[in-house]
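Chain and residue survey
What follows is the residue order along each chain.
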Amino acid sequence: VKTATLGRDGHWTETSLMQGAPRIADSPADPPVPVARWANAAKFGALPGPDRDATAGLRRAFASGAAVVYLPHGIYAISEALVVPAGVRRIVGMNSTLKVAPHRRPDFSRDDGMLRIRAAGPPLAIEQLAFDNTNMGRQLAVAVDAPRDVTLRDVVSAGVSLLDRRQHGGRVFLENVCCGRIAIAGPDPVVARQLDTEGGGVRIDNRGSPFYVLGLKTERINTVLDN
């Protein structure tokens, strides 16, 4: 993009608006993974339904050695947090919902994530998944504590804070996500494309991180960005 500036001498000077701007990184490409390394969470006992607890089944699927874990469409209730191992490269929700069960365990922290990324590893993508804790108090959906690239793609959050990328967390890419609060810390960048954050209070709390956003939408009276 270029613009022209009229100088005092009456001559126009053409300059680039992007001159000196940093190059904004694209999210890592999904790895080519053979079907043999895809795991159907249902085959490990993670079954959808409001009266079922999918926690143990999802943990078994994550620990199976599969690079891709997918959830056949449905609502999956969890009573405890899920730690994502370094070997899992993609979590494909197929437009499913991960919901906190009413009978949550007392040690299921509301501030440490339904999904927790705690181990360094290759890039991870979480896609086509909703996180829900509507009308059941506060809850964090995704916590990134490790130096690992994480992409959230086509993700919806209801009744939860969407993301807490902490001081030692890796790069995070947000692609077409809605709607919860976001907290960012640490030196690695967070890049958002088509970000919708709705509700009151501070929607994006950036504690000193490089933050890029293209396409931002919000609702209600709030502080969109505390930077």
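Everything below is about the structure shown above.
Below, the structure is looked at part by part. (Residues numbered from 1 in each chain as written. Predicted model: local features only at pLDDT ≥ 70, side-chain atom pairs only at ≥ 80, totals over all residues. Heavy atoms only, no water.)

1. A word on the overall build of the chain
From N to C terminus, the chain includes one helix and 18 strands. Projected onto its principal axes, the C-alpha coordinates of the chain cover approximately 75 × 45 × 30 Å. By the burial criterion, 46% of the 227 residues in the chain qualify as buried. In the chain, once contacts between residues fewer than 6 apart in sequence are set aside, the share between residues at least 24 apart is 46%. Working note: accessible area of the chain is about 11,200 Å², and carbon and sulfur atoms make up 54% of it. In the chain, the 28 positive side-chain charges and the 23 negative ones have mean positions that sit 4 Å from each other. (Helix = DSSP H or I, 4+ residues; strand = E, 2+ residues; numbered from the N terminus. Buried < 20%, exposed > 50% of the residue type's maximum accessible area, 1.4 Å probe, protein only. Contact = heavy atoms within 4.5 Å. Areas by Shrake-Rupley, 256 points an atom, 1.4 Å probe, with all protein chains shown as cover. Lys, Arg positive; Asp, Glu negative; His and termini not counted. Charge placed at Lys NZ, Arg CZ, Asp CG, Glu CD.)

2. Here's the deal with the sheet that holds strand β10 (residues 140-144)
Within the open sheet, the seven strands sit side by side as β6-β8-β10-β12-β14-β16-β18. Their pairing is parallel. Lying at the two open borders of the sheet, with one neighbouring strand each, are β6 (82-83) and β18 (223-226). Taken together, the three bridges between strand β8 (residues 115-117) and β10 define a ladder with parallel strand orientation. Note on β10: the bridge partner recorded for Arg116 is Ala143. (Pairing = 2+ DSSP bridges.)

3. Observations concerning the nonpolar core
Core analysis: the biggest nonpolar cluster contains 47 residues, and Leu98, Leu115, Ile126, Phe131 and Leu174 have the highest contact counts within it. Per-element accounting of this core gives the leading share, four residues, to strand β9 (residues 124-132). Excluding residues that lie within four positions of it along the chain, Ile126 makes contacts with Ile91, Leu115, Ile117, Phe131, Val150, Thr151, Leu152, Arg153 and Val155. (Core = buried A, V, L, I, M, F, W, Y, C linked by side-chain atoms within 4.5 Å.)

4. Description of the pattern of salt bridges
A complete count under the given rule lists 21 salt bridges for this structure. One salt bridge in this structure joins Arg166 and Asp145, with 3.2 Å as the shortest N-O distance. Within this pair, whereas Arg166 is found in the loop between β12 (161-165) and β13 (172-179), its partner Asp145 is found in the loop between β10 and β11 (150-158), the two being separated by 21 residues in sequence. By relative accessible area, which is 17% here, Arg166 ends up buried. Among the salt bridges present, the one from Asp205 reaches Arg207, with a minimum N-O distance of 4.0 Å. Linked by salt bridges that have partners in common, Asp112, Asp145, Asp164, Arg166, Arg181, Asp205 and Arg207 make up one network. (Salt bridge = Lys/Arg side-chain N within 4 Å of Asp/Glu carboxyl O.)

5. With respect to the state of the cysteines
The final tally for this structure, using the stated rule, is one disulfide. The side chain of Cys178 participates in a disulfide bridge whose partner is Cys179; the two sulfur atoms lie 1.5 Å from each other. Handedness here is read from the sign of the S-S torsion; for Cys178 and Cys179, about 70 degrees, the answer is right-handed. In this pair, the class of Cys178 matches that of Cys179, namely buried. (Disulfide = S-S within 2.5 Å.)

6. Some words on empty space enclosed by the protein
Summed over the entire model, instances satisfying the criterion amount to two cavities of 30 Å³ or more. A volume near 60 Å³ is recorded for the largest cavity. For the largest cavity, the full set of lining residues is Pro28, Ala29, Asp30, Pro31, Arg89, Arg90, Pro123, Leu124, Ala125, Asp149 and Thr151. Grouping the constituent residues of the lining of the largest cavity by class yields six nonpolar, one polar and four charged. Empty space within the second largest cavity amounts to approximately 40 Å³. Around the second largest cavity sit Leu58, Phe62, Leu71, Leu82, Ile91, Leu98, Leu115 and Leu129, which together line it. Of the residues belonging to the lining of the second largest cavity, the class tally is eight nonpolar, no polar and no charged. (1 Å grid on protein atoms, 1.4 Å probe; cavity = no way out; pocket = protein on both sides within 12 Å on 5 of 7 lines; lining within 4 Å. Points joined across faces, edges and corners; volume = space filled by probe spheres on them. Nonpolar A, V, L, I, M, F, W, Y, C, P; charged D, E, K, R; others polar.)

As far as function goes, none of this settles anything; it's purely spatial.
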